[in-house]
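So you can see what is in the structure, the chains are spelled out below.
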Amino acid sequence: MNYRYSRLFAMFALAFCLAIAGAIASSSASAGPQKKDKDAKESKKDKKAKKSSSAPTAAGTPTMWEDRGNIASLDLVYGIGSSDGMPKPPFQFDKEDVTGTNPKIKIIDANGIKWNIKFDEEVHAEVASSRIVWACGYMVEESYFMSSGKVAGVSGLGRAKKFVGSDGSFTNGMFEKRPDDVARRAINWDWDNNPFKGTKELSGLAILNTLLNNWDAKTTNNNVLGMFDDGGKVIDWYLVADWGGSFGKMGGFTSHTKWDLADYNKQAFLDGVSGGQVKLHYSGKMGSSLKSVPVEHARWFSGILGQLTDTQIRDAFKTAGASSAEVEGFSRRIRQKINDLKSAVGM
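Below is a short write-up of the structure. Since the structure is predicted, the reported quantities are computational estimates derived from the model, not experimental observations.

So, about the overall build of the protein chain. Counting its secondary structure elements, the protein chain contains seven helices and twelve strands. A burial count over the protein chain gives 45% of its 347 residues as buried. Partitioning the intrachain contacts of the protein chain with sequence separation of at least 6 by distance along the chain shows that 70% fall at a separation of at least 24. Within the structure as shown, the protein chain displays about 17400 Å² of accessible surface, and the carbon and sulfur contribution to it stands at 54%.

The structure is reproduced here in structure tokens:
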């Protein structure tokens, strides 16, 4: 009897162990793909985190201007960019950008670079202004004018539908780069309250607004971009991020224009010098504290503007898609304004 019960117990124990082993093996087999999927997701998350971390997270040194060196030698066809840095087709649609007042879409080019394409009346002024502003030592966002192109996968457009065909084709677009290594600080700095108040660098930027007739210099068009410099130091660049309201007539809500050569030619630049101040003929959204600048600030900036050559100024307008008449007309008026400033400060 004892032997019989011992055999039965042994057989039961063996069956139980085999059942447990089978369950464990089945569980491991089903968990394997799940674990791989989880590991893959975590790996993708890590890669995404590493990619986004290429932009600085810590606050940097506030900066508004830097010396460009020999200004007359700068290439204003590309400005802050380069021929290699231009957007490379084919372009893939990402989504529509509904911020701001002008129609825009977000795309990714053949090199995986993210861009915003802006349409409508501001594209020429934005590109031309960026070349001149950058040459004078101020930060701008990298941008290029493209007369025509096509974006794959476009769908669900709202206000941009007027400028992008059903097949993704477009004309007269301004590409503005959105690099992953630049931190967009979401800070709209104020003309009357910023780290550069009372400096010659801020005065120079005010002169540029008046030189280019940028009436739309509102606070929401002023941004701060965080970048690493060549030595790894974090720099927080204070810049005017939208120059699209330039090269027309400055004025109030119903009287201003954009990219209008006749209006640009007719408007004054300076209102004289008195009390050690150069009075700027500015009418727009820049703020009241910068309608005049100290003579010594204007003299410093006149020395910078005066280094621009006629060829460089023409290049800034050519690369912005201006017509031949616009290239010559805008360039001529820019030179006149530079000479007016030099004369006002005794240069």
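We now examine the sheet that holds strand E9 (residues 234-240). Ordered in space as E1-E9-E8-E7, the four strands form an open sheet in which the pairing is mixed. Strands with a single pairing partner mark the edges of an open sheet, and in this sheet they are strand E1 (61-63) and strand E7 (183-184). As judged from the two bridges shared by E7 and strand E8 (residues 222-228), these two strands associate in the antiparallel manner. Following the sheet pairing, arginine 184 is matched in E8 by leucine 225.

Time to look at the environment of aspartate 260. For aspartate 260, the location among the structural elements is in the loop between E9 and helix H4 (261-266). The exposure class assigned to aspartate 260 is partly exposed, which follows from its relative accessible area of 28%. Sequence spacing of aspartate 260 and phenylalanine 330 is 70 residues, and the spatial spacing of their C-alpha atoms is 9.4 Å. The contact partners of aspartate 260, leaving out residues within four places of it in the chain, are Phe247, Gly248 and Phe330. At 3.0 Å, the side chain of aspartate 260 and the backbone nitrogen of aspartate 263 are in polar contact.

On to unusual backbone geometry, then. Here the residue pair proline 89 and proline 90 is connected by a cis peptide bond, since its omega of 5° sits within 30 degrees of zero. Mapped onto the secondary structure, proline 90 falls in the loop between E1 and strand E2 (91-97). Residues other than glycine seldom take positive phi values, yet phenylalanine 247 does so here, at roughly 60°.

In this structure the tally under the stated criterion is 19 salt bridges. Ionic pairing is found between lysine 118 and aspartate 242, a salt bridge with its closest N-O pair at 3.5 Å. One end of the pair, lysine 118, is in strand E4 (residues 114-118); the other, aspartate 242, is in the loop between E9 and H4, and 124 residues separate them in sequence. Comparing lysine 118 with aspartate 242, the two get one shared label, buried. The salt bridge involving lysine 285 is made with aspartate 216; its shortest N-O contact spans 3.4 Å. Of this pair, lysine 285 sits in the loop between strand E11 (277-280) and strand E12 (292-294) while aspartate 216 sits in the loop between helix H3 (200-211) and E8, placing them 69 residues apart in sequence. A cluster of three or more residues bridged by salt bridges with shared partners is formed by Lys118, Glu121, Glu122, Glu126, Asp242 and Lys258.

Moving on, we come to the side chain of asparagine 223. By the element assignment, asparagine 223 lies in strand E8. Within the structure, the side chain of asparagine 223 is placed 3.0 Å from the side chain of asparagine 188, a separation counted as a polar contact. Those residues in contact with asparagine 223 that sit more than four places away from it in its chain are Arg184, Ile187, Asn188, Trp189, Trp237, Tyr238, Leu239 and Ala241.

Counted by the stated rule, this structure contains 20 aromatic pairs. Ring plane angle 10° and centroid distance 5.3 Å describe the contact between phenylalanine 317 and phenylalanine 330, whose orientation is recorded as stacked. Placement of phenylalanine 317 in helix H6 (residues 310-318) and of phenylalanine 330 in helix H7 (residues 324-344) is noted, with a sequence separation of 13 residues between them. On the accessibility criterion, phenylalanine 317 (0% relative accessible area) is buried. Overall, the relative accessible area of 0% leaves phenylalanine 330 in the buried class. An aromatic cluster is built from Phe91, Trp115, Phe119, Tyr144, Phe163, Phe170 and Phe175, whose rings are joined through pairwise contacts.

What follows covers the environment of leucine 225. Among the secondary structure elements, leucine 225 is positioned in strand E8. When the C-alpha atoms of leucine 225 and threonine 63 are compared, they prove to be 9.9 Å apart, with 162 residues separating the residues in sequence. Among all residues touching leucine 225, those that are not within four sequence positions of it are Glu141, Val182, Ala183, Arg184, Arg185, Ile235, Asp236, Trp237 and Leu239.

On to H7, then. Within an α-helix, residues lying three or four positions from one another point in the same direction, as the helix has 3.6 residues per turn. Across its 21 residues, H7 extends 31 Å between first and last C-alpha, which sits within 8% of the 30 Å expected from 1.5 Å per residue. Where H7 is concerned, the buried positions are Val327, Gly329, Phe330, Ser331, Arg333, Ile334, Arg335, Lys337, Ile338 and Leu341. As for H7, its buried residues are in contact with helix H2 (123-135), H3, H4, strand E10 (270-274), helix H5 (295-305) and H6. Looking one or two residues beyond H7, the residue adopting positive phi is glycine 346, at roughly 75°.

It is worth spelling out the sheet that holds E10 at this point. Pairing within the open sheet is antiparallel, and its three strands lie in the order E10-E11-E12. Strands at the two margins of the open sheet, each flanked by one partner only, are E10 and E12. Adjacent strand axes in the sheet meet at a mean angle of 20° when their direction is disregarded. When E11 meets E12, the two strands line up antiparallel, connected through three bridges. When the sheet's bridge partners are listed, lysine 279 is paired in E12 with serine 292. Lying on the sheet, H5 is in contact with E10, E11 and E12; it crosses E12 at an angle near 85°.

Rules of the game
Residues numbered from 1 in each chain as written. Predicted model: local features only at pLDDT ≥ 70, side-chain atom pairs only at ≥ 80, totals over all residues. Heavy atoms only, no water. Helix = DSSP H or I, 4+ residues; strand = E, 2+ residues; numbered from the N terminus. Buried < 20%, exposed > 50% of the residue type's maximum accessible area, 1.4 Å probe, protein only. Contact = heavy atoms within 4.5 Å. Areas by Shrake-Rupley, 256 points an atom, 1.4 Å probe, with all protein chains shown as cover. Pairing = 2+ DSSP bridges. Polar contact = N/O pair within 3.5 Å; in protein donor to acceptor, adjacent residues only side chain to side chain. Salt bridge = Lys/Arg side-chain N within 4 Å of Asp/Glu carboxyl O. Phe/Tyr/Trp six-rings, centres within 6.5 Å; stacked < 30°, edge-to-face > 60°. Expected span 1.5 Å × (residues − 1). Axes fitted to C-alpha atoms, helices over the stretch in contact; angles between N-to-C directions.

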